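Overview (structure and organization)
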Number of protein chains: 2
Amino acid sequence: MGRVVVNITASLDGYVAGPSPTLEEPLGKNGEWLHEWITVTDSWREQHGLEGGESNPDSEVVKESVASAGAYVMGRKMFSGGSGPWEDDPRSTGWWGDEPPFHVPVFVLTHHAREPMEMEGGTTFSFVTDGVESAVEHAQAAAGDRDVSIAGGAATVQQALAAGLVDELNLHVAPILLGAGTRLFGEDADPVRLEATRVLASPSATHLRFDVGS
Amino acid sequence: MGRVVVNITASLDGYVAGPSPTLEEPLGKNGEWLHEWITVTDSWREQHGLEGGESNPDSEVVKESVASAGAYVMGRKMFSGGSGPWEDDPRSTGWWGDEPPFHVPVFVLTHHAREPMEMEGGTTFSFVTDGVESAVEHAQAAAGDRDVSIAGGAATVQQALAAGLVDELNLHVAPILLGAGTRLFGEDADPVRLEATRVLASPSATHLRFDVGS
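Residues numbered from 1 in each chain as written. Chains lettered and ligands numbered in written order. Predicted model: local features only at pLDDT ≥ 70, side-chain atom pairs only at ≥ 80, totals over all residues. Heavy atoms only, no water.

**Some thoughts on the overall build of chain A**
Check the secondary structure of chain A and you find six helices and 13 strands. Relative to the 2.2 N^0.38 estimate, which gives 17 Å for 214 residues, the radius of gyration of chain A is 16 Å and therefore close to what a compact globule would have. Along the three orthogonal principal directions, the C-alpha set of chain A runs to about 40 × 40 × 35 Å. Classification of the 214 residues of chain A by burial places 49% in the buried group. In chain A, 64% of the contacts between residues at least 6 apart in sequence involve partners at least 24 apart. (Helix = DSSP H or I, 4+ residues; strand = E, 2+ residues; numbered from the N terminus. Rg over C-alpha atoms; globule rule 2.2 N^0.38 Å. Buried < 20%, exposed > 50% of the residue type's maximum accessible area, 1.4 Å probe, protein only. Contact = heavy atoms within 4.5 Å.)

Next up, the structure:
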């Protein structure tokens, strides 16, 4: 069975989303700065059917993450594109367009049961209403030998970490200050000492890998 | 004239000190975890008159920082060893012992005027009561062609950054979560996009350098 890995980008001040998310800015004010290191890479562009882009340590990190993911787990806000009146709309087809960039099964954590949605290009959205543990189990069954990637947002990652479901945390630190927003590690978290098992860096991001299993 | 540089270590969740500082734990609960990457290096041990220690990217970073500093600026809590009833005691000789590890002039920001203290090994503590700008000016005069190093804590660094006095920010990110404490960048800070001009990393710390001078 594959591992359960988290990939998430945080700002230098610890935010994984900016404040006041809207439909236009689902990651909150300036939240898109977080992912600039990704969207300029050739591997991200290839995943999205585009040509060109930069080839650097960041693009290797993206490539590796895409290649190893056999299924994804995400929160409903990440599926629907942020908080708002639309997020629980059962007619919503999500934020990701007709051909989402995942190309594998995606399990969406939600309180609202609905039928799976088969999209173009191999992505299927399935909706899981009985918690993160169940979502990860479904994803592991779907992923086979490949990894389950917990894609975000912060609440989903926090739940998976707290439930002890995560084998590996890949924290990408972007050299930005968002000043406010959603923190990955919350307030008044328990102190933890981690040991990085891999560190890769470019001027655009620092990629820290931690083994958090057992 | 030398540059004004900041060297400070933050946890992955953005804290530069843990909660509830005491005389025994001036950096707060678990705050000493922040500096483990420093204290194991051969260059830190040499600065403190000790032998042995590790030679790695971290030790190069420490060595470079020590060699380039012609004077330091620090807050009074860093001088006295944390918050508490003793911190404004004019008889206090500080936290650093008879032979502090600086070996150059140190300018301490305080509200309480007192005479300079000449310590063993070349460190002189001078007390500046008219603000961070004045402290940096005094330090620049003392440092000559070498750099002024703003050593902390968070409040002093924040004041220096806000006053536009800093040329270079060296942020050392330790792979720990403190969960609570003092944040370097505070709450509701302005969003800022930075460009790292140098990134060095080891499993114990990631060293990010930013040019912040206009």
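**A short note on the pattern of salt bridges**
Inspection of every chain in the model, using the stated rule, returns 14 salt bridges over all chains. Close ionic contact of Glu36 of chain A with Arg193 of chain B constitutes a salt bridge, the shortest N to O distance being 2.3 Å. Taken together, the residues Glu36 of chain A in helix 1 (residues 36–39) and Arg193 of chain B in strand 11 (residues 192–193) connect one chain to another. Glu36 of chain A sits in the partly exposed class, given a relative accessible area of 31%. For Glu168 of chain B, the salt bridge goes to Arg209 of chain B, with nearest N and O atoms at 3.2 Å. Of this pair, Glu168 of chain B sits in strand 8 (residues 168–174) while Arg209 of chain B is found in strand 13 (residues 205–211), placing the two residues 41 residues apart along the sequence. A residue is classified by how much of its surface remains accessible, and Arg209 of chain B, at 17% relative accessible area, is buried. Within the structure, one salt-bridge network assembled from shared partners comprises Arg3, Glu64, Asp147, Glu168, Arg198 and Arg209 of chain A. (Salt bridge = Lys/Arg side-chain N within 4 Å of Asp/Glu carboxyl O.)

**Points about the interface of chain A and chain B**
Taken residue by residue, the interface counts 32 residues in chain A and 32 residues in chain B. Contact between chain A and chain B buries roughly 2,800 Å² in total, counting both sides, with carbon and sulfur atoms accounting for 61%. Interface area lost by chain A to chain B is led by Leu12, Leu177 and Arg193 of chain A, which between them contribute 21%. Where chain A meets chain B, there are two salt bridges. Counting across the chain A and chain B interface gives six residue pairs in polar contact (both at pLDDT 80 or more). Contributions of two or more residues to the side of chain A that touches chain B are made by strand 9 (176–177), strand 11 (192–193), strand 12 (196–202) and strand 13 (205–211) of chain A. (Buried area = accessible area lost by both parts, 1.4 Å probe. Polar contact = N/O pair within 3.5 Å; in protein donor to acceptor, adjacent residues only side chain to side chain.)

**Re the environment of Thr41 of chain A**
Residues and elements named next belong to chain A. Within the element layout of this structure, Thr41 appears in the loop between helix 1 and helix 2 (42–47). With 17 residues separating them in the primary sequence, Thr41 and Asp58 have C-alpha atoms 6.9 Å apart. Those residues in contact with Thr41 that sit more than four places away from it in its chain are Gly53, Glu54, Asn56, Asp58, Ser59 and Val62. Here Ile38 takes part through its backbone oxygen, which lies 2.7 Å from a polar atom of the side chain of Thr41.

**A look at the relation of the copies chain A and chain B**
When chain A is fitted onto chain B, the two copies agree to an RMSD of 0.0 Å after a turn of 180 degrees and an axial shift of 0.0 Å. Such a turn and shift between the copies fits a two-fold axis. No C-alpha of chain A approaches the rotation axis more nearly than that of Gly14 of chain A, which lies at 2.9 Å. The residues that chain A uses at the interface reappear at the interface of chain B in 100% of cases, marking a shared surface. (Least-squares fit on C-alpha atoms with pLDDT ≥ 70 in both.)

**Considerations on empty space enclosed by the protein**
Applying the stated criterion across every chain, the model contains five cavities of 30 Å³ or more. Computed from the structure, the second largest cavity encloses a volume of approximately 60 Å³. Contributing elements (two or more residues each) for the lining of the second largest cavity: strand 1 (4–11) and strand 8 (168–174) of chain A together with strand 1 (4–11) and strand 8 of chain B. In terms of residue class, the lining of the second largest cavity is built from eight nonpolar, two polar and no charged. (1 Å grid on protein atoms, 1.4 Å probe; cavity = no way out; pocket = protein on both sides within 12 Å on 5 of 7 lines; lining within 4 Å. Points joined across faces, edges and corners; volume = space filled by probe spheres on them. Nonpolar A, V, L, I, M, F, W, Y, C, P; charged D, E, K, R; others polar.)

Coordinates in, geometry out; function isn't part of it.
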